[in-house]
Amino acid sequence: MADVSTLGRDKKSPNSLYDKCLTSLVNYLQQKSKRKINKYDVRSLPDCILMDVYFRMLEEKRLCILGAELSELEIFERLLRFSGAQLRLLQCFQAVIEHGSKLSTELSLAYLARCNQSNRPRNSLIHLGLRLGGFLNEAGWYAEAQRVLLRCQDLCQAQPQTTYYKRLTLECCHRLLNTQSVYCCFPAAAETYKLALKLLGLPEDTKAQIPQGPIAIAETCSKALQTDGDDNERLDEYTEEDNCCTGERVWGMSSLLARLCKEISGLFFVRCDYSAAYSWGMRALSLLTPDTPPKITIEVLRACGTACVVKRRFRSAGLLVRQAVALARQAFGPHHPRYADALLDYGFYLLNIDSITHSVQVYEEALTTLRRVFGRSSLHVATAQEDLAYALYVLEYSSGRFYKARDHAERAIRIIENLVPPDHLLLASAKRVKALILEEIALDTPAGQDMREPSLLEESEALHKAALDLSMMAFGEKNVQTAKHYGNLGRLYQSMQKFQDAETMHLKAIAIKEELLGAEDYEVGLSVGHLASLYNYHMNQHTAAEKLYLRSINISLKLFGERYSGLEYDYRGLVHVFTQLKRHDRAQHYNALLQHWHDLREQSKAEQQPSIGDEEVIPLEELREKLFKAC
């Protein structure tokens, strides 16, 4: 017999008896909410039907009663355990919060209160903490997720340190690493990282030499706990007796270890230690098997793909991010946030390989999907809007049509400011994007047409300085993000005709990037080109500018080829340099190169870009073979 909840959601029978019953029940509950409610009226229903009732409350905009129901931890725990509820539960959860509820805080505090009750079984509390913390993390409520997971971790460590509880502690660790990395809690993430390494029996300096064989620890069970999505129920199937065994065993290719390596890769990525991020990502990839759950495989592919992008391994990055998109679409469908997350990484890849128009299209689809699930007041949505704003800024750099980009940047900032403390690092990147946009709007405004031009440049400076201060607090000066902020200030000071200040900022950016990334990295080439522009157009140091332009061009050609968009500004710069130096033959040479570049760009526009959804899932071993050939 078909499941009644499935029948009720059949698009071919929107007016089915089950559908009408749901609506009538919701109306009945709404009426009873005005009087004394018997809370067992609905809660005696099976989980599948209960979730349908709550989702119908969302559809009917009965958000007050829905919020009251979801705020009870006992009910929320039931829904977390029901494997078919996750996406709809995310939508209900976020809608209630946007309606004015403090649901994330209420649930996290209810969990902490339950943990303080001495009569509660420890195992059930740990399992609930893993589920609730993981859900809050996926919903984008990172502070509350961290609070729950830290308490859950404490419960694990307070138990006898058998294999069973060590594994549950590692389950806490990989969730905490994700939460703390995304929410920029770097000191706390460093402690979680150390704990994970200790449990795995690895030294703290492991990032310098990651073991390539199976990672062994004493008294380890060979079967990994699966605790997400459709496998949530497995947590309760394992007992300490089931999981303990004598002698030394290995984690081998377990999904848990793959996720830990992936989260460690993510931590190093957000801290801009790209070599370590790449190493840990590749280690995670090596641990995947054809039996690894799709969610974990997608996470690992995404982490490896973005690490390959920043390491400028573009062929490998393309294989990985396209595979992640294809698998996410196959496993979760085109309207799931996990598919949208994969699209964001795909957009990041496309932006970095100079496929700007396609990148914007991908970012727009991702934003649409995330808004459908999380509404308009979520950190997930803010991140997508910021990414789209920057892609639009790059796309419209030559046209000067920045108002759409500005709107997305300002929306991102408003969302983030409403959800995090005013000195939070998440604001730095969004402010940087808006500052870049305002600077270009100011420069494109004809003199005398808009008296707001000086204020735009001043606002841009304030945003850049605020972003730099946040980066310095989080990372210190020797960090790629800090160097980027120096470079942005250098460009701004050039626009404000503060040329000595601009030179100082550019030189700082170049020195830091060279030290951290090497002399031939894209970021170095970008800053070198900006300094060349300063010397060329404003400081009359044309010989120095020539050398810098040639260095920037060599880096661009090596990484991206002769169609790269940034070559336009270097070629134009050299035409100006050689014109000023009266070397007209060289000026004509670069004019010809500039025209050839224009022809190549027109050919690129005419070429058919792959459509979103054309990606195909390929077997894991085939993917590994292609990656080996791409390296």
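Computed from a predicted structure; not experimentally measured.

Draft legend 1. Summary view of the overall build of the protein chain. When helices and strands are tallied, the protein chain shows 30 helices and 2 strands. Across the 631 residues that make up the protein chain, the buried fraction comes to 54%. Partitioning the intrachain contacts of the protein chain with sequence separation of at least 6 by distance along the chain shows that 69% fall at a separation of at least 24. As displayed, the protein chain offers around 27,600 Å² of accessible surface, 51% of which is attributable to carbon and sulfur atoms.

Draft legend 2. Region of the structure containing the state of the cysteines. Summed over all chains, the structure comprises 0 disulfides. In this structure Cys156 is a free cysteine whose sulfur lies 4.1 Å from that of Cys172, the closest cysteine sulfur available. In this structure Cys156 comes out as buried when scored by relative accessible area, which is 0%.

Draft legend 3. The environment of Asp345, seen in detail. Relative to the assigned elements, Asp345 resides in helix H18 (residues 337-352). Sequence separation between Asp345 and Ser359 is 14 residues; the distance between their C-alpha atoms is 9.9 Å. Setting aside anything within four residues of it in sequence, one finds Asp345 in contact with Arg302, Thr306 and Val321. Polar side-chain contacts of Asp345 include one of 2.5 Å to the side chain of Arg302.

Draft legend 4. Layout of the pattern of salt bridges. Considering all chains together, one arrives at 30 salt bridges under this definition. When salt bridges that share partners are traced, they join Arg406, Glu410, Lys434 and Glu459 into one network.

Draft legend 5. Region of the structure containing helix H15 (residues 274-286). A rise of 1.5 Å per residue sets the reference length of H15, with its 13 residues, at 18 Å; its end C-alpha atoms lie 18 Å apart and thus fit the reference within 8%. What H15 keeps buried is the set Tyr274, Ala276, Ala277, Tyr278, Trp280, Gly281, Arg283, Ala284 and Leu285.

Draft legend 6. Expanded view of the nonpolar core. Ranked by size, the top nonpolar core spans 192 residues in total, and within it Tyr54, Leu66, Leu70, Phe76, Phe93, Tyr111 and Leu132 carry the most contacts. In this view, Leu70 contacts Tyr54, Phe76, Leu79, Leu89, Cys92, Phe93, Val96, Leu103 and Leu107; residues no more than four positions away in its chain are not counted.

Draft legend 7. Summary view of the packing of aromatic side chains. Counted under the stated rule, the structure contains 18 aromatic pairs. Cluster of aromatic residues (ring-pair linked, three or more members): Tyr390, Tyr393, Tyr397, Phe402 and Tyr569. Residue placement shows Arg88 over the ring face of Phe55; its charged tip is 5.9 Å from the ring centre. The ring of Tyr390 carries the charged tip of Arg432 above its face, separated from the ring centre by 5.2 Å.

Draft legend 8. Examining helix H10 (residues 142-158) more closely. Under the 1.5 Å per step criterion, the end-to-end length of H10 is 24 Å for 17 residues, consistent within 8% with the ideal 24 Å. When H10 is considered as a whole, its buried residues turn out to be Tyr142, Glu144, Ala145, Gln146, Val148, Leu149, Cys152, Gln153, Leu155 and Cys156. Buried residues belonging to H10 abut helix H8 (103-115), helix H9 (122-139), helix H11 (163-182), helix H12 (186-200) and helix H20 (379-395).

Draft legend 9. Geometry of the packing of H11 against helix H14 (residues 255-270). Between H11 and H14, whose axes approach to 9 Å, the crossing angle comes to 25°. With respect to their mutual orientation, H11 and H14 come out roughly parallel. With respect to the hand of their crossing, H11 and H14 are arranged in left-handed fashion. Contacts from Arg167, Leu170, Glu171, Cys173, His174, Leu177, Asn178 and Ser181 in H11 reach Leu256, Arg259, Leu260, Lys262, Glu263, Ile264, Gly266, Leu267 and Val270 in H14.

Draft legend 10. Broad picture of the environment of Leu109. Tracing the sequence through the fold places Leu109 in helix H8. Residue classification places Leu109 among the partly exposed positions, given a relative accessible area of 46%. Along the primary structure Leu109 and Leu73 are separated by 36 residues, whereas in three dimensions their C-alpha atoms are 9.7 Å apart.

Draft legend 11. Local environment of unusual backbone geometry. At Lys61, a residue that is not glycine, the phi angle is positive and equals roughly 60°. Take Lys61: it is sitting in the loop between helix H4 (47-59) and helix H5 (63-70). Look at Lys61 and you get exposed, because its relative accessible area is 65%. Its identity as a non-glycine residue notwithstanding, Asp354 has a phi of 75°, on the positive side. By the element assignment, Asp354 lies in the loop between H18 and helix H19 (356-374).

Draft legend 12. Just the side chain of Ser527, in detail. Among the secondary structure elements, Ser527 is positioned in helix H26 (residues 522-537). With relative accessibility at 2%, the residue Ser527 sits in the buried group.

Draft legend 13. Inspection of the packing of helix H7 (residues 86-98) against H9 at higher detail. It is at 11 Å that the axes of H7 and H9 come closest, and there the two elements cross at 70°. By the angle class used here, H7 and H9 are roughly perpendicular. As for the relative orientation of H7 and H9, their crossing is right-handed in sense. On H9, the residues touching Gln86, Leu89, Leu90, Phe93 and Gln94 of H7 are Phe135, Leu136, Glu138 and Ala139.

Draft legend 14. Up close: the environment of Val309. Turning to its location among the elements, Val309 is positioned in helix H16 (residues 294-310). Not counting the four nearest positions on each side in its chain, Val309 is found in contact with Phe314, Ala317, Phe348, Tyr349 and Asn352.

Thresholds, definitions, all that
- Residues numbered from 1 in each chain as written.
- Predicted model: local features only at pLDDT ≥ 70, side-chain atom pairs only at ≥ 80, totals over all residues.
- Heavy atoms only, no water.
- Helix = DSSP H or I, 4+ residues; strand = E, 2+ residues; numbered from the N terminus.
- Buried < 20%, exposed > 50% of the residue type's maximum accessible area, 1.4 Å probe, protein only.
- Contact = heavy atoms within 4.5 Å.
- Areas by Shrake-Rupley, 256 points an atom, 1.4 Å probe, with all protein chains shown as cover.
- Disulfide = S-S within 2.5 Å.
- Polar contact = N/O pair within 3.5 Å; in protein donor to acceptor, adjacent residues only side chain to side chain.
- Salt bridge = Lys/Arg side-chain N within 4 Å of Asp/Glu carboxyl O.
- Expected span 1.5 Å × (residues − 1).
- Core = buried A, V, L, I, M, F, W, Y, C linked by side-chain atoms within 4.5 Å.
- Phe/Tyr/Trp six-rings, centres within 6.5 Å; stacked < 30°, edge-to-face > 60°.
- Lys NZ or Arg CZ within 6 Å of the ring centre and 35° of its normal.
- Axes fitted to C-alpha atoms, helices over the stretch in contact; angles between N-to-C directions.
- Parallel < 35°, antiparallel > 145°, perpendicular 65-115°, else oblique.
- Left-handed = near helix turned anticlockwise from the far one by under 90°.

Just geometry here; none of it tells us what the structure is for.
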